[in-house]
Amino acid sequence: MVDLRGASGNTGMMVATGLPPGPALPAMAQTILSVTNPLSFADRCRAKYGDVFTMRVFPVGQVVCVSDIGIIRDIVTSDGSVFRAGEANSVIEFVVGRNSLLMLDGGEHIRRRRVLLPPFRGASVRGHQRSVGQIAADCARWWPVGRPIRLLPRMQEITLEIMMRSVFGITDLARLAGLRTLVPQLLHMNPAIMLFPPLRRDLGPRSPGGRYARVKRAVDGIIHQEIDRRRRDTAGTTGEDVLSGLMDVRDEHGAPLSDEELRDHLVTLLAVGHETTATSMSWIFERLVRHPRVLARLRTEIAESTTDEPEYVDAVINETLRLRPVVSDIARVATTDTRVGGYHVPRGTMIALSISAIHRSPDQFSAPEAFRPERFLDGETAHEVFLPFGGGPHRCLGASFAMMVMRRVVPRIVAELDIRAARPEPESARLTGPVLTPSRGAEVVVSRR
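Residues numbered from 1 in each chain as written. Predicted model: local features only at pLDDT ≥ 70, side-chain atom pairs only at ≥ 80, totals over all residues. Heavy atoms only, no water.

1. Section: the overall build of the protein
Part 1 of the argument: If you tally the helices and strands in the protein, you get 18 helices and 13 strands.
Part 2 of the argument: Relative to the globule expectation of 22 Å for 449 residues, the C-alpha radius of gyration of the protein, 22 Å, shows essentially globular dimensions.
Part 3 of the argument: For the C-alpha atoms alone, the extent of the protein along its principal axes is close to 65 × 50 × 45 Å.
Part 4 of the argument: Counting only residues that meet the buried cut, the protein has 52% of its 449 residues in that class.
Part 5 of the argument: Of the contacts made within the protein by residues no fewer than 6 positions apart, 70% connect residues no fewer than 24 positions apart.
Part 6 of the argument: For the protein, the accessible surface area stands at approximately 20200 Å², while carbon and sulfur atoms represent 53% of it.
Part 7 of the argument: Positive and negative side-chain charges in the protein, numbering 58 and 50 respectively, have mean positions lying 5 Å apart. (Helix = DSSP H or I, 4+ residues; strand = E, 2+ residues; numbered from the N terminus. Rg over C-alpha atoms; globule rule 2.2 N^0.38 Å. Buried < 20%, exposed > 50% of the residue type's maximum accessible area, 1.4 Å probe, protein only. Contact = heavy atoms within 4.5 Å. Areas by Shrake-Rupley, 256 points an atom, 1.4 Å probe, with all protein chains shown as cover. Lys, Arg positive; Asp, Glu negative; His and termini not counted. Charge placed at Lys NZ, Arg CZ, Asp CG, Glu CD.)

Structure (structure tokens):
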């Protein structure tokens, strides 16, 4: 039995025989509160029960919630033999496929991650910078001015275009048009399909599973057409997009990735990178328009910087990721009976490691609720308490690519548009699928500069 006792390392503490305490509300009531008010409900539970407590949510069942930094660090950096991320992500396997890195654990995950890493690092990522900035400018050119607009769908439009061109490398106009229509339908599915696996069955064109199956087949068809085109390219040309990089990699036996593996990795990038990056940029502007001092400094540093990446841009991005993470928790499943924070946790229990709690902890950050990007320039933050992309072996593979996109898109929009809040009240976090989005979609008013 593994024993994780918490940050204090108090080996003399008593070990409870059951799960940690938690709210006595019915599971459905806890589920509704977790969806409609996720951060405040978790904060209330934490205030009453401490840094380790149990919730009951549908359809998962009992979930052990952890906000102790010592326990989180130990679980996140573990080798995956006891706390498995792939099992925690199994609910989305029907979307991303069994070959997705999100489904793997242990040695298999490490080997596959090593193979997939080259297209997501260094020069490979930097090669997309110019096109990303241009895509942002082209999309923003059509935003209506002088009236309230929601930035979230517009950021999704930008990141989807980036995915199609820089990740998939698709230039065929018909395929581009098809993906623009189909991808939102694929990712913004009927939530009942996620919660109730029987509904995924194709029972005809009017059934939820039938509608989803048609969209999935259409998206997969476009992806496989693009892969097949690359395979048949007799000129042997290699593009700079991520798909080209993935087609060049070889596994530990020297074999290329199969078409199905390529498909699963590309859909994973769509499902994870597209939505989360768009949401992060929406939160960035939701914060900026309510902090004019920060916005003014950002605009000045962008205008006066002699480098392509002013450090204050990173500070603004990181402070937003700290205060408004797009996911509130990192999930793991215990593969054996274990002890967490002095409590007995049975095999098969899901464990939710709270990113939002440690990012807003007064023990880790001064004035944690304040939006103050300067803290990232003053050396206040430590790597172990700042986990917007997760940590350890399962840290997001596309983190560098996502940061590059934000570093290019945000300054381009700030430089070309004046943006103000449509309403003075800040937006709360609303759970949309697994992602915490601005409750009003980051509502702003823009004007041309």
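2. Thoughts on the pairing of strand β12 (residues 435-438)
On a regular strand, one side chain projects to one face of the sheet and the next to the other, so that they alternate.
Part 1 of the argument: In terms of strand pairing, strand β11 (residues 429-432) meets β12 through four bridges, oriented antiparallel. Each bridged residue has a counterpart across the sheet, and for Ala 429 the counterpart in β12 is Pro 438.
Part 2 of the argument: With antiparallel pairing between neighbouring strands as the criterion, β11 and β12 make up a hairpin whose turn holds two residues, including Gly 433 at a positive phi of roughly 65°. (Pairing = 2+ DSSP bridges.)

3. Focus: the packing of helix α15 (residues 292-304) against helix α16 (residues 311-323)
Part 1 of the argument: Packing of α15 against α16 leaves a shortest axis separation of 9 Å and a crossing angle of 145°. Along this stretch, α15 crosses α16, giving a crossing that reads as left-handed. Listed contacts from α16 to Arg 293, Val 294, Arg 297, Leu 298, Glu 301 and Ile 302 of α15 are Tyr 312, Val 313 and Val 316.
Part 2 of the argument: Of the residues in the contact of α15 with α16, the class split is six nonpolar, no polar and three charged. (Axes fitted to C-alpha atoms, helices over the stretch in contact; angles between N-to-C directions. Left-handed = near helix turned anticlockwise from the far one by under 90°. Nonpolar A, V, L, I, M, F, W, Y, C, P; charged D, E, K, R; others polar.)

4. Observations regarding the sheet that holds strand β5 (residues 149-150)
Part 1 of the argument: Reading across the sheet, the three strands line up as β5-β13-β10 and stay open at both edges, with antiparallel pairing between neighbours. In this open sheet, the two strands that pair with only one neighbour each are β5 and β10 (417-421).
Part 2 of the argument: Direction of pairing for β10 relative to strand β13 (residues 443-448): antiparallel, over a ladder of five bridges. If you follow Ala 421 over to β13, its bridge partner there is Val 444.

5. Description of the packing of aromatic side chains
Part 1 of the argument: Under the definition given, this model contains three aromatic pairs.
Part 2 of the argument: Residues Phe 58 and Phe 196 carry aromatic rings whose centres are separated by 5.4 Å and whose planes lie at 50° to one another, so their mutual orientation is tilted. Taken together, the positions of Phe 58 in the loop between β2 (52-57) and β3 (61-66) and Phe 196 in the loop between α11 (191-195) and α12 (208-231) put the pair 138 residues apart, joining distant regions of the chain.
Part 3 of the argument: The class of Phe 58 is partly exposed, set by a relative accessible area of 34%.
Part 4 of the argument: Overall, the relative accessible area of 36% leaves Phe 196 in the partly exposed class. (Phe/Tyr/Trp six-rings, centres within 6.5 Å; stacked < 30°, edge-to-face > 60°.)

6. A look at the sheet that holds strand β4 (residues 83-84)
Part 1 of the argument: Within the open sheet, the five strands sit side by side as β2-β3-β9-β6-β4. Their pairing is mixed. Both edges of this open sheet fall to β2 and β4, since each of them pairs with a single strand only.
Part 2 of the argument: Across five bridges, the pairing between strand β6 (residues 329-334) and strand β9 (residues 350-354) is antiparallel. Residue pairing across strands places Arg 332 opposite Ile 351, the latter belonging to β9.

7. A closer look at helix α1 (residues 27-36)
Part 1 of the argument: Among all positions in α1, only Gln 30, Thr 31 and Ser 34 are buried. With its buried residues spanning 105° around the axis, α1 presents them on a single face. (Arc of directions from axis to C-beta.)

8. So, helix α18 (residues 399-416)
Part 1 of the argument: When the terminal C-alpha atoms of α18 are compared, their 26 Å separation across 18 residues agrees well with the 26 Å that a helix rising 1.5 Å per residue should span.
Part 2 of the argument: Of all 18 residues that make up α18, 13 are buried, and the element is covered over most of its length. (Expected span 1.5 Å × (residues − 1).)

9. Here we look at the pattern of salt bridges
Part 1 of the argument: Enumeration over the complete set of coordinates arrives at 32 salt bridges.
Part 2 of the argument: A salt bridge links Glu 301 to Arg 297; its shortest N-O distance comes to 2.9 Å. Of this pair, Glu 301 and Arg 297 both sit in helix α15, separated by four residues, roughly a single helical turn.
Part 3 of the argument: The exposure class assigned to Glu 301 is partly exposed, which follows from its relative accessible area of 24%.
Part 4 of the argument: A salt bridge links Glu 369 to Arg 360, with the shortest nitrogen-to-oxygen separation between them at 3.3 Å. (Salt bridge = Lys/Arg side-chain N within 4 Å of Asp/Glu carboxyl O.)

10. Details of the confidence of the model for the protein
Part 1 of the argument: Taken as a whole, the protein shows an average pLDDT of 89; of its residues, 95% reach a score of 70 or greater.
Part 2 of the argument: Here strand β1 (residues 2-4) is the element of the protein with the lowest mean pLDDT, 54, and β5 is the one with the highest, 97.
Part 3 of the argument: Contacts for the low-pLDDT stretch residues 6-13, under 50 throughout, to residues beyond four places or in other chains number 10 contacts. (pLDDT = per-residue confidence, 0-100.)

11. What about the nonpolar core?
It is characteristic of soluble globular proteins that their nonpolar side chains tend to be buried jointly.
Part 1 of the argument: Ranked by size, the top nonpolar core spans 91 residues in total, and within it Trp 143, Met 155, Ile 158, Phe 285, Leu 298, Val 409 and Ile 413 carry the most contacts.
Part 2 of the argument: What Phe 285 contacts, discounting residues up to four positions off in sequence, is Leu 151, Met 155, Val 410, Ile 413, Val 414 and Ile 419.
Part 3 of the argument: Grouped together as the second largest cluster of nonpolar side chains are 21 residues, Ile 69, Ile 72, Ile 75 and Val 385 included. (Core = buried A, V, L, I, M, F, W, Y, C linked by side-chain atoms within 4.5 Å.)

12. Considerations on the environment of Ala 442
Part 1 of the argument: Locating Ala 442 in the fold gives a position in the loop between β12 and β13.
Part 2 of the argument: When its relative accessible area of 1% is taken as the criterion, Ala 442 is described as buried.
Part 3 of the argument: Each C-alpha atom of the pair Ala 442 and Ser 100 lies 31 Å from the other, and the pair is 342 residues apart in sequence.
Part 4 of the argument: If we skip the residues at most four places from it in the chain, Ala 442 touches Ile 149, Arg 150, Leu 151, Leu 152, Ser 282, Glu 286 and Glu 427.

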